[in-house]
Amino acid sequence: MLMRKPLAPRREEAARKPEPAPQASPVKVAESPAADTRQASPAARQPAESRNSHRRQIRTQLYDLIDAGRAAAMPRDKLLAQIQQAIRQLCDEQRLQLSRQEEESIASEMLDEMTGIGPIQPLLADDTVNDILVNGAGQVFIERFGKLELSSVTFIDEEHVFNTAQRIAAAVGRRIDESSPMVDARLPDGSRVNVITYPLAIDGTTISIRKFMRRNLSLETLAAQGCISYPMVEVLTRAMQARLNVIVSGGTGAGKTTLLNALSQNIDTRERIITIEDAAELQLQQIHVVRLETRPVSAEGSGKVDQRDLMRNALRMRPDRIILGEVRGGECFDMLQAMNTGHDGSLCTVHANTTRDAIQRLENMVMMANMQLPLMAIRRQIASAVHLIVQIERMRDGIRRVVAVSEVCGMENDVIQMQDLFNFQIRGSDSQGRITGEYVQTIQRPQFYADRAHLFEQ
């Protein structure tokens, strides 16, 4: 168990410093078991502090009774029984007044801590939770069905949160401390983790987890859920069969990777595919897939391998298609080069608000490669390489929808010409706050239907 000693006592004292009780208000507020102890009244805060005191006392002494090394190799049910027995023994010796339900709850938490990542382990197992956001010891928010809510999960104290963050970082060979207060990591199930701690995070260690999507959704499934229309499914399926280069654009958390996975299901199983990602998330169903992942700089300041390095190496690996998880820098130039040199059918994602903004983002990122190319040459490169841009958006009702599909039609004078194939037009909202609208097909026959008809028409 990694323990952190510097600054912890000072931060724990600050967390336990009493706050003035809030003024009485005529508005009645619903009580919630997930209420933040830092904002609760002293009467409401006392049971939580008492429970945390018991959790801290039992947690400290339990590691003296159970060998953590042997516990990791034990079956889960056998380890749980041993933990429950040890907790009952500690309660008898220390005269702790705990109910059977509280004992079982603490035993379950200790089991998750020994075999997983502590109190948030049950949230990782919950398929309805998409994001887990730990804001210090007293607040754990989750995103469920596209909306944030405060969960009932809490940590014992700041030291408990920091130890959990250390365990996550150590599992992938990285570290988190005052000299290196930020880290990106990946859990064994593929979930992405970002940790930032003191002195950059003022209110305590913050852990942000983007959960790995276990369900591999198809375009048809997305259409059944209302995220996309069936005519869109037909056009995108034909685009993949015709080996079009497709850009998926959208904001953070809009569902770009999910849509990329759905598109990849229409790739021929006989093709060699190479994926390049910062954190491996793609779930390709084909047989011949080579997965590459970047490596951050080591503690000695060397050994960094970024997406551009992997992109250049992938071109020497005889790929049929290259899938770049997210374009965010100079690797954009190498990706366009690959699309223009015989690697048709490649895919990537980019952060943008509209399909037109996606083109401008590509221009800016090519300039970041320091190739000293004139803007006209960059635009001609993009117009020649990119065929289709799919815009996805997470709307205010929490539902992710494909709001536009645009086809790149080449250059005219100095401007890249595009035509919208589909648009989502909002009509209003229903009584439950869900947005209502319709998918409008603006072009009945895309240009690539004629240019590449021999690739998908039987």
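Everything numeric in this text was worked out from a predicted model, so none of it was measured.

Chemist: What is the right way to look at the packing of aromatic side chains in this model?
Modeler: For any two aromatic rings, the description comes down to two numbers: the centre-to-centre distance and the angle of the planes. Tallied over the full model, the rule gives two aromatic pairs. Measuring from ring centre to ring centre gives 4.9 Å for Phe424 and Tyr439, while their planes differ by 55°; the resulting arrangement is tilted. Pair noted here: Phe424 is in strand β14 (residues 415–429) and Tyr439 is in strand β15 (residues 435–441), with a separation of 15 residues, a long-range link. Relative accessible area serves as the criterion here: at 11%, Phe424 is assigned to the buried category. By relative accessible area, Tyr439 is classed as partly exposed at 22%. Look at Phe448 and Tyr449: their rings are 5.0 Å apart centre to centre, the planes differ by 80°, and that puts the pair in the edge-to-face class.

Chemist: I'm lost on the sheet that holds strand β1 (residues 129–135) in this one. Help?
Modeler: Sheets are built from strands paired through backbone hydrogen bonds, the pairs being either parallel or antiparallel. Taken together, six strands build an open sheet; the order of strands is β3-β2-β1-β6-β5-β4 and the sheet is antiparallel. At either end of the open sheet lies a strand with only one pairing partner, and these are β3 (147–150) and β4 (182–186). If you compare each strand with its neighbour and ignore which way they point, the axes differ by 15° on average. By the bridge criterion, four bridges tie strand β2 (residues 140–144) to β3 in an arrangement that is antiparallel. Residue pairing across strands places Glu143 opposite Leu148, the latter belonging to β3.

Chemist: Is there a simple way to think about the pattern of salt bridges in this case?
Modeler: Pairing is possible between side chains of opposite charge, provided their charged atoms come close. What the rule picks out here adds up to 17 salt bridges. A salt bridge links Glu143 to Arg400; its shortest N-O distance comes to 3.0 Å. Here Arg400 lies in strand β13 (residues 400–412) and Glu143 lies in strand β2, a separation of 257 residues in the sequence. Given a relative accessible area of 5%, Glu143 falls into the buried group. Given the relative accessible area of 21%, Arg400 is considered partly exposed. Between Arg321 and Glu271 there is a salt bridge whose closest N-O contact spans 2.8 Å. Linking Arg321 in strand β10 (residues 321–324) with Glu271 in the loop between α10 (256–264) and β8 (273–277), this pair joins segments that are 50 residues apart in sequence. What emerges from the salt-bridge pattern is a single network uniting Asp126, Arg144 and Glu149.

Chemist: It is not clear to me how the pairing of β2 should be interpreted in this structure. Could you clarify?
Modeler: Consecutive side chains along a regular strand alternate between the two faces of the sheet. Of all the five residues making up β2, four are buried; the element is thus mostly covered by neighbouring parts of the structure. Between β1 and β2, which pair antiparallel and follow one another directly, the connecting turn spans four residues, one of which, Gly136, has a positive phi of 80°. Hairpin connection, β2 to β3: the antiparallel pair is bridged by two residues, and Phe145 has positive phi, about 55°.

Chemist: Got a minute to help me understand the sheet that holds strand β9 (residues 289–293) in this structure?
Modeler: Taken together, nine strands build an open sheet; the order of strands is β9-β8-β10-β11-β7-β12-β13-β14-β15 and the sheet is mixed. Edge positions in the open sheet fall to β9 and β15, since each of these has one partner strand only. Neighbour to neighbour, the strand axes of the sheet diverge by 25° on average, direction disregarded. Pairing of strand β7 (residues 246–250) with strand β11 (residues 347–351) involves five bridges; the strand directions are parallel. Pairing of Val248 across the sheet is with Thr349, part of β11. The sheet strands contacting helix α9 (residues 230–241) are β7, β10, β11, β12 (388–394), β13, β14 and β15, and the helix crosses β14 at an angle near 150°. Against the sheet, helix α14 (residues 375–385) makes contact with β13 and β14, and its axis sits at roughly 120° relative to β13, the strand it touches most.

Chemist: Any chance you could explain the state of the cysteines here in plain terms?
Modeler: Here is the idea: a disulfide is a covalent bond, and it sits between the sulfur atoms of two cysteines. Per the stated rule, a full pass over the model turns up zero disulfides. With no disulfide of its own, Cys332 lies closest to Cys348 among cysteine sulfurs, the gap being 7.0 Å. With relative accessibility at 2%, the residue Cys332 sits in the buried group.

Chemist: I keep staring at the side chain of Thr355 and nothing clicks. Help me out?
Modeler: Of note, Thr355 is situated in helix α13 (residues 355–367). Residue class for Thr355 comes out buried when judged on its relative accessible area of 8%. Among the polar contacts listed, one links the side chain of Thr355 to the side chain of Ser406, at a separation of 3.0 Å. For Thr355, the residues in contact, after removing those within four places along its chain, are Ile389, Gln391, Ala404, Ser406, Met418 and Asp420.

Chemist: I keep staring at the environment of Val440 and nothing clicks. Help me out?
Modeler: By secondary structure assignment, the location of Val440 is in strand β15. On the accessibility criterion, Val440 (21% relative accessible area) is partly exposed. Ignoring anything within four residues of it in the chain, the contact list for Val440 reads Leu421, Phe422, Asn423 and Gln425.

Chemist: How do you make sense of the confidence of the model for the protein when you look at a structure like this?
Modeler: Interpretation of the predicted coordinates at a detailed level should be avoided for regions scoring low in pLDDT. With 82% of its residues at a pLDDT of 70 or more, the protein shows a mean pLDDT of 80. Low pLDDT (under 50) marks residues 1–44, which in the prediction has 47 contacts with non-local residues, meaning those over four places away or in another chain.

Chemist: Can you walk me through the environment of Gly325 in this structure?
Modeler: Structurally, the position occupied by Gly325 is in the loop between β10 and α12 (331–339). Assessed through its relative accessible area of 14%, Gly325 is described here as buried. As for Gly325 and Lys256, which are separated by 69 residues in sequence, their C-alpha atoms are 9.2 Å apart. Contact partners of Gly325, with chain neighbours within four places excluded, come to Ile276, Glu277 and Thr349.

Chemist: Which parts of the structure should I look at to understand the packing of α12 against α14?
Modeler: For any two helices packed against each other, one specifies the crossing angle of their axes together with the interaxial distance. Closest axis-to-axis distance for the α12/α14 pair is 9 Å, and the angle between their directions is 50°. Between α12 and α14, the angle is such that the two are oblique. Once α12 is placed against α14, the crossing between them reads as left-handed. Where α12 abuts α14, its residues Phe333, Leu336, Gln337 and Met339 lie against Gln381, Ile382 and Ala385.

Conventions used here
- All chains use their own residue numbering, which begins from 1 and follows the written sequence.
- Local features are withheld for residues below a pLDDT of 70 in this predicted model, meaning they are given only at 70 or higher, and side-chain atom pairs are given and counted only at 80 or more; totals for whole chains, interfaces and linings count all residues.
- For the side-chain quantities, the full set of heavy atoms in the structure was used; hydrogens and water were omitted.
- Geometry of aromatic contacts follows a simple scheme: Phe, Tyr and Trp rings, the Trp one being its six-membered ring, pair when their centres are within 6.5 Å, and the pair is stacked under 30 degrees between planes, edge-to-face over 60, tilted otherwise.
- Elements are defined by DSSP. Helices are runs of H or I of four residues or more, strands are runs of E of two residues or more, and each kind is numbered from the N terminus.
- For every residue, the accessible area obtained with a 1.4 Å probe (protein chains only) is divided by the maximum for its type, and the residue is called buried under 20%, exposed over 50%, and partly exposed between those limits.
- Here, any two strands with at least 2 DSSP bridges between them count as paired.
- Note on geometry: axes are lines fitted to C-alpha atoms, helical ones only across the stretch in contact, with angles between N-to-C directions running from 0 to 180 degrees.
- For this document, the term salt bridge refers to a Lys or Arg side-chain nitrogen within 4 Å of an Asp or Glu carboxyl oxygen.
- The contact rule is simple, with two residues in contact once any of their heavy atoms fall within 4.5 Å.
- We call a pair of cysteine sulfur atoms a disulfide whenever their separation is within 2.5 Å.
- Under this definition, polar contacts are N or O atom pairs within 3.5 Å; protein pairs additionally need one hydrogen-donor-capable and one acceptor-capable atom, and for neighbouring residues in sequence, both atoms have to be side-chain atoms.
- Each residue carries a pLDDT value, the predictor's own confidence for that position, ranging from 0 to 100.
- Roughly parallel here means an angle under 35 degrees, roughly antiparallel means over 145, roughly perpendicular means 65 to 115, and every remaining angle is called oblique.
- Each helix crossing is assigned a hand: it is left-handed if the near helix lies turned anticlockwise from the far helix by less than a right angle, otherwise right-handed if that turn is clockwise.

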